[in-house]
Amino acid sequence: MTVAAAPRRARLDASLPVLGVLALVLCVLVLLPLGWLLWYGFTDKTGAPTLANFARLATDRSFVGPFLSTIAIALGVATLSCVVATPLAWLVARTDMPGHRLVRLLVMASFVTPPFLGAIAWEILAAPNSGLLNQWYRALLGLDPYAHVFDIYTVEGLTFVMGCYAFPYVFVLVANALERIPAELEDASAILGGGRWHTFRRVSLPIVLPSLLAGALIAFLQAMTQFGAPAILALPAGFHVITTKIWSLFQFPPDPHLAAAASLPLLLLTLLLLRGQHWLLKGRGYTVIGGKSGPPRRIALGAWRWPAFLFALAIVALPVLLPYAALLKTAVVRTVSEPLTWSALTWRDFRFVFTEFSATRLALANTFILGVLSATMGTALALVVAFLAARRLLPGARLLGFLATAPAAIPGIVLGVGLFLAYTRPPFVLYGTLMILLLAFITI
């Protein structure tokens, strides 16, 4: 006698709605701004298709100059970051230099320092007339009031300031890569007769090279898309980079079509650099196969231990010690040029900013709310998307992973301009969102 099994009730699969909602959110954050950039970049004020915006970008000196300056500054920042961060990372990660933990901590302090804050500090330190370093230089040599050795309002000065806050990216990646080199590889090279330089060139450097190139790329992109430091140092000096030029296109009278067209080359250059890095590193990944490897051995510097520490301290003094000292000194005296004496100390500025100036409390509250909401919403969205993409629990999970990582490859100024154009045109946002929702479900 057989008993027929009761038919199971059909259960509602909630995976597709969940995936659709997440895809919609990510599309609105990523694809919608890019779509509006393309629309505005290739149309004129009447909405007619045109290439005139790009023709003007290629022929007008007021745009060609900022583009060339941006590329030159970004290349300088990337080169400076690699030149400074690589030996510093080697000293911290692979030698017995005293105070290596302190140096790493100070590098992390520069990592979390906003570049625009560093630009303000170096403006206090190295302005031609009022800069503290130039004042000390004139007082030491008895020169006239207009003599100066430092001028932060130059392309070189801007490159230096941006490099001070870009080199931590290279340092972190290279130091971590150096610390992960198995000791057995270097021991094998030494046993076979390889000296330290030969071992570094043939064993250590190829393993660290992908991290070094990745750090250089991050430093380049960070410098190319930065706005705060150029706005503080480049505009008073009378020259533009591309981010400040795009910002100027939204001043009266605004020209959003030209601003969108000026943003697209940044996106194209970013994609080309990412593909170039992938091509250079193709087939150059390194993985240690086998049992657990030992940590790399620190190299004894001998008599060079303390000179190395002084060198490292001088490096981290540029983005951390000197700028914060200048900011603190300026905050507790009445005027910037006033010497730091007991009679000159005052809490007047602190009292005014935190108790008398009402806009400060509003700005602090807005910053706190924005930071908490952004971190919370971003973390929650990233957690769900990462779980679905990594476990492949839903069909179309790769789409979510691609959309979630796309902003890392898109300059912030590009997304910012795109979002501004999209959400200042309310009648069209609804249609664009519906089209993106339809595209997401079709792709799924």
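Residues numbered from 1 in each chain as written. Predicted model: local features only at pLDDT ≥ 70, side-chain atom pairs only at ≥ 80, totals over all residues. Heavy atoms only, no water.

A. Representation of the layout of surface pockets in the model. Its volume calculated, the largest pocket comes out at about 470 Å³. Arg94, Glu186, Arg196, Thr199 and Ile299 are, among the 18 residues lining the largest pocket, the residues nearest its centre. Within the residue set of the lining of the largest pocket, elements represented by two or more residues are α4 (61-94), α10 (183-191) and α11 (196-224). No other element matches the five residues that α11 contributes to the lining of the largest pocket. A per-class count over the lining of the largest pocket returns eight nonpolar, four polar and six charged. (1 Å grid on protein atoms, 1.4 Å probe; cavity = no way out; pocket = protein on both sides within 12 Å on 5 of 7 lines; lining within 4 Å. Points joined across faces, edges and corners; volume = space filled by probe spheres on them. Helix = DSSP H or I, 4+ residues; strand = E, 2+ residues; numbered from the N terminus. Nonpolar A, V, L, I, M, F, W, Y, C, P; charged D, E, K, R; others polar.)

B. Helix α7 (residues 132-141), seen in detail. All of the buried residues in α7 are Leu132, Leu133, Asn134, Gln135 and Arg138. Two residues or fewer past α7, Gly142 is found with a positive phi of approximately 65 degrees. (Buried < 20%, exposed > 50% of the residue type's maximum accessible area, 1.4 Å probe, protein only.)

C. Representation of empty space enclosed by the protein. With the rule as written, the count across this model stands at two cavities of 30 Å³ or more. Put simply, the largest cavity is a space of about 40 Å³. Mapped onto the lining of the largest cavity, the elements with two or more residues apiece are α4, α8 (155-164) and α11. Residue classes in the lining of the largest cavity are distributed as seven nonpolar, three polar and no charged. The computed volume of the second largest cavity comes to approximately 30 Å³. In terms of lining, the second largest cavity is formed by Thr113, Leu117, Gly118, Ala121, Tyr165, Pro319, Pro323, Tyr324 and Leu327. Among the secondary structure elements, those contributing two or more residues to the lining of the second largest cavity are α6 (115-126) and α15 (305-331). With four residues, the top contributor of residues to the lining of the second largest cavity is α15. Taken together, the residues of the lining of the second largest cavity sort by class into seven nonpolar, two polar and no charged.

D. Highlighting the nonpolar core. Leu88, Met97, Val103, Leu158 and Phe171 are the most contacted members of the largest nonpolar core, which has 86 residues in total. Counting residues per element, this core draws most heavily on α4, which supplies 14 residues. With near-sequence residues (within four places) excluded, Phe171 lies in contact with Ala85, Leu88, Ala89, Val92, Arg104, Val107 and Met108. (Core = buried A, V, L, I, M, F, W, Y, C linked by side-chain atoms within 4.5 Å. Contact = heavy atoms within 4.5 Å.)

E. Just the pattern of salt bridges, in detail. Tallied over the full model, the rule gives five salt bridges. Between Asp60 and Arg56 there is a salt bridge, with the nearest N and O atoms lying 3.4 Å from each other. Residue classification places Asp60 among the partly exposed residues on the basis of a relative accessible area of 23%. Close ionic contact of Arg56 with Asp255 constitutes a salt bridge, the shortest N to O distance being 4.0 Å. Of this pair, Arg56 sits in helix α3 (residues 52-59) while Asp255 sits in the loop between α13 (242-248) and α14 (256-280), and the two are 199 residues apart along the sequence. Residue Arg56 is classed as partly exposed on the basis of its relative accessible area of 39%. Linked through salt bridges whose partners overlap, the residues forming this network are Arg56, Asp60 and Asp255. (Salt bridge = Lys/Arg side-chain N within 4 Å of Asp/Glu carboxyl O.)

F. Local environment of the packing of aromatic side chains. This model, assessed by the stated rule, comprises eight aromatic pairs. Arranged with centres 5.7 Å apart and planes meeting at 90 degrees, the rings of Trp306 and Phe309 form a pair that is edge-to-face. Placement of the pair is Trp306 and Phe309 together in helix α15, with a separation of three residues, close to one helical turn. When its relative accessible area of 12% is taken as the criterion, Phe309 is described as buried. (Phe/Tyr/Trp six-rings, centres within 6.5 Å; stacked < 30°, edge-to-face > 60°.)

G. Main features of unusual backbone geometry. With an omega of -10 degrees, the peptide bond between Phe252 and Pro253 qualifies as cis. The topology assignment puts Pro253 in the loop between α13 and α14.

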